[in-house]
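# Coordinate analysis (summary)
Here's the letter readout for the chains.
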Amino acid sequence: QTLVTQEPSMTVSPGGTVTLTCASSTGAVTSSSYPNWFQQKPGQPPRALIYSATKKHSWTPARFSGSLLGGKATLTLSDVQPEDEAEYYCLLYSGGSQVFGGGTKLTVL
Amino acid sequence: QVQLRESGPGLLKPSETLSLMCTVSDNSFVSFYWNWVRQSPGKGLEWIGYIYYSGAANYNPSLKSRVTMSVDTSEKQISLHLKSVTAADTAVYYCARGMYFDYWGQGALVTVSS
């Protein structure tokens, strides 16, 4: 089964910019993987941020953006706010299944 | 906006069958497929599978032998059944809408313990 890899943890300063990545064990992540990104805070269900690699939901703050870069899906947070501290998960469609990455714990410090 | 609500027993014994229900608040029930996702305590998310209102389903290969999903279109409910549970199946179980998982329920904690 496909393995989806994310950075276990990252730290960013308030107002800074950070890019999280999402890689697939089967090769380059493409639009055919329909990358999704989610934010999850403790005790809450995940919240959808990005779908189809680059598209935002109506509620997604403008400072969040998604892309495909270097064979990976990426989530970039610009002008990071303290409330962005959370776990971030990517989700890829692969071989007829949906596969979550292990998550990136983002600390805003 | 659509609301999803998971419900079901919170405590099971090993070898029993987990049965959960997800109730959808609006008629988007017939326009999307519906996913089940679980999260073990302190761990990441795991996709269990999805089912369409027609009953067509697709399951995670790692759970396929133990999972069954069903729908009740009149009640706008999706059911998850996971047989032969062990402590490793202890998790919060979520239902989520469609290919983009745009709406999620609050989740239902299921604990497997003797």
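Residues numbered from 1 in each chain as written. Chains lettered and ligands numbered in written order. Predicted model: local features only at pLDDT ≥ 70, side-chain atom pairs only at ≥ 80, totals over all residues. Heavy atoms only, no water.

## Section: the overall build of chain A
In terms of regular secondary structure, chain A is built from zero helices and eleven strands. From first element to last, N terminus to C terminus, chain A shows the α and β order β-β-β-β-β-β-β-β-β-β-β. On C-alpha atoms alone, chain A measures out to a radius of gyration of 13 Å, which is about the 13 Å that the 2.2 N^0.38 rule sets for 109 residues. Taking the principal axes of the C-alpha coordinates as reference, chain A spans close to 40 × 25 × 25 Å. Relative to its full complement of 109 residues, chain A shows a buried share of 50%. By element, 52% of the accessible surface of chain A is carried by carbon and sulfur atoms, the whole surface being about 4800 Å². Taking the average location of the 7 positive side-chain charges in chain A and that of its 6 negative ones, the two points are 7 Å from each other. (Helix = DSSP H or I, 4+ residues; strand = E, 2+ residues; numbered from the N terminus. Rg over C-alpha atoms; globule rule 2.2 N^0.38 Å. Buried < 20%, exposed > 50% of the residue type's maximum accessible area, 1.4 Å probe, protein only. Areas by Shrake-Rupley, 256 points an atom, 1.4 Å probe, with all protein chains shown as cover. Lys, Arg positive; Asp, Glu negative; His and termini not counted. Charge placed at Lys NZ, Arg CZ, Asp CG, Glu CD.)

## Considerations on the interface of chain B and chain A
Each side of the interface is counted separately: chain B has 22 residues, and chain A has 19 residues. Between chain B and chain A lies a buried interface of about 1700 Å² when both sides are counted; carbon and sulfur atoms form 63% of it. Our enumeration of links across chain B and chain A arrives at zero salt bridges. There are five residue pairs in polar contact (both at pLDDT 80 or more) connecting chain B and chain A. Looking at the side of chain B that touches chain A residue by residue, the classes come out as twelve nonpolar, seven polar and three charged. (Contact = heavy atoms within 4.5 Å. Buried area = accessible area lost by both parts, 1.4 Å probe. Salt bridge = Lys/Arg side-chain N within 4 Å of Asp/Glu carboxyl O. Polar contact = N/O pair within 3.5 Å; in protein donor to acceptor, adjacent residues only side chain to side chain. Nonpolar A, V, L, I, M, F, W, Y, C, P; charged D, E, K, R; others polar.)

## Quick look at the nonpolar core
Residue and element names in this part refer to chain B. Formed by 27 residues in total, the largest nonpolar core has its most connected members in Leu18, Trp36, Leu80 and Tyr93. Every element with two or more residues in this core is listed here: β3 (18-24), β4 (33-39), β5 (45-52), β7 (67-72), β8 (77-82), β9 (91-97) and β10 (108-112). When residues of this core are assigned to their parent elements, the largest contribution, four residues, is made by β3. The residues contacting tyrosine 93, other than those within four sequence positions of it, are Glu6, Leu18, Leu20, Val37, Arg38, Ile48, Leu80, Leu82, Gly107, Ala108 and Val110. (Core = buried A, V, L, I, M, F, W, Y, C linked by side-chain atoms within 4.5 Å.)

## Brief notes about the environment of lysine 64 of chain B
Residue and element names in this part refer to chain B. Within the fold, lysine 64 resides in the loop between β6 (57-59) and β7. What makes lysine 64 exposed here is its relative accessible area of 54%. As a C-alpha pair, lysine 64 and serine 15 span 49 residues in sequence and 16 Å in three-dimensional space.

## Brief notes about the packing of aromatic side chains
Scanning the entire structure with this criterion turns up 15 aromatic pairs over all chains. Ring geometry for tyrosine 51 of chain A versus tyrosine 100 of chain B: centroids 4.4 Å apart, planes at 40 degrees, classification tilted. With tyrosine 51 of chain A in strand β5 (residues 47-51) and tyrosine 100 of chain B in the loop between β9 and β10, this residue pair bridges two chains. Consider the rings of phenylalanine 100 of chain A and phenylalanine 101 of chain B, whose centres lie 6.2 Å apart with planes at 80 degrees: the pair is edge-to-face. With phenylalanine 100 of chain A in strand β10 (residues 97-100) and phenylalanine 101 of chain B in the loop between β9 and β10, this residue pair bridges two chains. Phenylalanine 101 of chain B shares its class with phenylalanine 100 of chain A; the two are buried. Members of the aromatic cluster, connected to one another through ring pairs, are Phe38 and Phe100 of chain A together with Tyr94, Phe101 and Trp104 of chain B. One residue, arginine 97 of chain B, lies across the ring of phenylalanine 32 of chain B, its end atom 3.9 Å from the ring centre. (Phe/Tyr/Trp six-rings, centres within 6.5 Å; stacked < 30°, edge-to-face > 60°. Lys NZ or Arg CZ within 6 Å of the ring centre and 35° of its normal.)

## Section: the sheet that holds β9 of chain B
Residue and element names in this part refer to chain B. Within the open sheet, the six strands sit side by side as β2-β10-β9-β4-β5-β6. Their pairing is mixed. The open sheet is flanked by β2 (11-12) and β6, the only strands paired with a single partner. In this structure, β2 lies alongside β10, joined through two bridges in parallel fashion. In the sheet register, leucine 11 faces β10, and the bridge partner there is threonine 111. (Pairing = 2+ DSSP bridges.)

## Thoughts on the state of the cysteines
Tallied over the entire structure, the rule returns two disulfides over all chains. Across a sulfur-sulfur distance of 2.1 Å, cysteine 22 of chain A and cysteine 90 of chain A are joined as a disulfide pair. A torsion of 75 degrees about the S-S bond marks the disulfide between cysteine 22 of chain A and cysteine 90 of chain A as right-handed. Here cysteine 22 of chain A, found in strand β3 (residues 18-24), pairs with cysteine 90 of chain A, found in strand β9 (residues 86-94); they are 68 residues apart in sequence, far enough to count as distant. Across this residue pair, the class does not change: cysteine 22 of chain A and cysteine 90 of chain A are buried. Note that cysteine 22 of chain B is cross-linked by a disulfide to cysteine 95 of chain B, the S-S spacing being 2.1 Å. Of note, the bridge from cysteine 22 of chain B to cysteine 95 of chain B carries an S-S torsion of about 70 degrees and is right-handed in sense. Here cysteine 22 of chain B is found in strand β3, whereas its partner cysteine 95 of chain B is found in strand β9, with 73 residues between them in sequence. Classification of cysteine 22 of chain B as buried rests on a relative accessible area of 0%. By relative accessible area, cysteine 95 of chain B is classed as buried at 1%. (Disulfide = S-S within 2.5 Å.)

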